[in-house]
Amino acid sequence: MGPGPPRARRPRDGGAPLAGDLAGRIRSRTDLPVHTAIYTHGHIDHAFGLDAFLVEGQNAPHVVAQERMAERFDRYARSPRHNATINSRQFGGRDDDPTFQGEELRFGYPTHEPTRYYQRSLELDVGGTVFELHACRGETDDHTWVHCPERGVLCTGDLIIWGVPNAGNPQKAQRYPWDWARGLRAMAETGAASLCPGHGGPVVNDPGLVRRILQDTAAFLEEVVDRTLAVLEDGSPPHVDVVRRVKLPQSEAPWLQPVYEEAEFIVRNVIRYYGGWWSGRPSELKPAPREQVAAELAALGGGPGTLLARAVELAPTTCPWPAISRTTPWKRPPTTPPSPREWPPSTPSAAPGRPA
């Protein structure tokens, strides 16, 4: 891709639901056509919605991405209903939130697929301005961070989101916090003065703060990985025991708060990579159907009503029993009249949740 005339450059593509607002803000400052779009990764809020940014009648823009993104789109196209369900569950609180059933949020191939893929790094010269692209496995295996040396600007994609890194999302594919940390340290070495994160506001003309954010986040991820591996190396206990034994790092920095992700989930992601899917408990290698387990637990505990009443009592605590009671399929004999005490409580306080 050679030099082109002066045109607008966009280091990431906003997702379809957000594209109109973002495009309007850009168009309030320039009416130049888009020459090159760089997809920082293949998530729907970063690689879909490019149409909103294009000027009417302009030529199709160049679209650049890391090579693994093609495989991601293939995976999306093979599992659109699965992706709709898990995202509905995560963001809508139910399996069938209509927001995630429409075409606008349908997983598959974007309207503008990448026209050029790269493997490790790539330098682009667009209109005389150089952009350095670097691959970095992190939240995804197809992530790109972009550095513009001339302007001292760093575009991180979701490698920075103004919160604990999203490196352990429970329903999503494998993430790579160890590579993520290396990438953040490489970004810190650029000396960039401004940082444009994947989510949240930018840091402008403050190289010290940019460097601190990158290094703090790298250290946080390194601590989680190292501490998790230390426990795995100590006898490879069942996964839940690993999670409970890892001392999670804490930070007062506003860019490392658990607003969307939390460190415990990152521990589980490290375990998954090094330890596979089995929890380490013999009863969970080939588990009995949930209905059978529920029936036995109910019988041992004095019936579903007794167990659920106890769950209500424990709800204000950190004990996981309330969550278990809401997800275990307790069954009563058909002839037994329903009792309010046998149903999970509907109040939010009775089912404390966690950010996903």
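Residues numbered from 1 in each chain as written. Predicted model: local features only at pLDDT ≥ 70, side-chain atom pairs only at ≥ 80, totals over all residues. Heavy atoms only, no water.

Visitor: Please clarify how the environment of Asp241 should be interpreted in this entry.
Guide: Locating Asp241 in the fold gives a position in helix α7 (residues 239-245). Its relative accessible area of 33% is what places Asp241 among the partly exposed residues. Separated by 38 residues in sequence, Asp241 and Ser279 place their C-alpha atoms 9.6 Å apart. (Helix = DSSP H or I, 4+ residues; strand = E, 2+ residues; numbered from the N terminus. Buried < 20%, exposed > 50% of the residue type's maximum accessible area, 1.4 Å probe, protein only.)

Visitor: I'm lost on a nonpolar patch on the surface in this one. Help?
Guide: A contiguous nonpolar surface patch, about 370 Å² in accessible area, is contributed by Trp277, Trp278 and Leu285. Position of Trp277 relative to the elements: it lies in the loop between α8 (263-275) and α9 (290-301). What makes Trp277 exposed here is its relative accessible area of 68%. (Patch = residues over 30% accessible without salt bridge, like charges linked within 9 Å, V, L, I, M, F, W, Y side chains within 5 Å. Areas by Shrake-Rupley, 256 points an atom, 1.4 Å probe, with all protein chains shown as cover. Salt bridge = Lys/Arg side-chain N within 4 Å of Asp/Glu carboxyl O.)

Visitor: Can you help me understand the confidence of the model for the chain in this one?
Guide: Reading fine detail from the predicted coordinates is not recommended where pLDDT is low. On average, residues of the chain carry a pLDDT of 86, and 85% of them reach 70 or more. Across residues 330-356 the pLDDT falls below 50, and counting only partners more than four positions away or on other chains, this stretch makes 44 contacts in the model. (pLDDT = per-residue confidence, 0-100. Contact = heavy atoms within 4.5 Å.)

Visitor: In this structure, what is going on with the pairing of strand β6 (residues 129-135)? I would like to understand it.
Guide: Successive residues of a regular strand alternate their side chains across the two faces of the sheet. As paired elements, strand β5 (residues 121-126) and β6 share six bridges and run antiparallel to each other. Bridging across to β6, Leu122 finds its partner in Leu133. The antiparallel pairing of β5 with β6 creates a hairpin that spans two residues between the two strands, and Gly127 there sits at a positive phi of about 60°. (Pairing = 2+ DSSP bridges.)

Visitor: Help me understand the pattern of salt bridges, please; the structure alone is not making it clear to me.
Guide: A pair can form between side chains of opposite charge whenever their charged atoms are brought close. Applying the stated criterion across every chain yields a total of 16 salt bridges. Here Asp142 makes a salt bridge to Arg72, at a shortest N to O gap of 2.8 Å. Taken together, the residues Asp142 in the loop between β6 and β7 (144-148) and Arg72 in helix α3 (residues 69-78) connect sequence positions 70 residues apart. The buried category is assigned to Asp142, whose relative accessible area is 0%. Across the pair Asp95 and Arg89 runs a salt bridge whose closest N-O atoms are separated by 2.8 Å. You can call Arg89 partly exposed: its relative accessible area is 40%. Salt bridges sharing partners connect three or more residues here, namely Arg72, Asp141 and Asp142.

Visitor: Quick question: what am I supposed to make of the packing of aromatic side chains here?
Guide: Two measures describe an aromatic ring pair: the distance that separates the ring centres and the angle between the ring planes. For the structure on display, the rule yields 10 aromatic pairs. An angle of 70° between the planes, with centres 6.2 Å apart, marks the rings of Trp162 and Trp255 as edge-to-face. Of this pair, Trp162 sits in the loop between β8 (153-157) and α5 (177-188) while Trp255 is found in the loop between α7 and α8, placing the two residues 93 residues apart along the sequence. Taking relative accessible area as the criterion, Trp255 reaches 7% and is therefore assigned buried. Members of the aromatic cluster, each reached through a chain of ring pairs, are Tyr176, Trp178, Tyr273 and Tyr274. (Phe/Tyr/Trp six-rings, centres within 6.5 Å; stacked < 30°, edge-to-face > 60°.)

Visitor: Teacher, can you tell me more about the sheet that holds β5 here?
Guide: The pairing of strands in a sheet happens through backbone hydrogen bonds and is either parallel or antiparallel. Sheet architecture is open: five strands sit in the order β5-β6-β7-β8-β9, paired in mixed fashion. The open sheet has two edge strands, β5 and β9 (194-197), and neither has a second partner. Each strand of the sheet is rotated relative to its neighbour by a mean of 20°, with strand direction disregarded. Judged from the four bridges that link them, β8 and β9 form a sheet pairing that is parallel. Its bridge partner lying in β9, Gly157 is registered against Pro197. (Axes fitted to C-alpha atoms, helices over the stretch in contact; angles between N-to-C directions.)

Visitor: Teacher, can you tell me more about unusual backbone geometry here?
Guide: The phi torsion of most residues other than glycine is negative, and most of the peptide bonds are trans. The phi dihedral of Asn205 is positive, around 55°, even though this residue is not glycine. Tracing the chain through its elements places Asn205 in the loop between β9 and α6 (207-233). Residue Asn205 is classed as exposed on the basis of its relative accessible area of 62%. Phi at Ser236 is positive, roughly 45°, even though this residue is not glycine. In this structure, Ser236 sits in the loop between α6 and α7.

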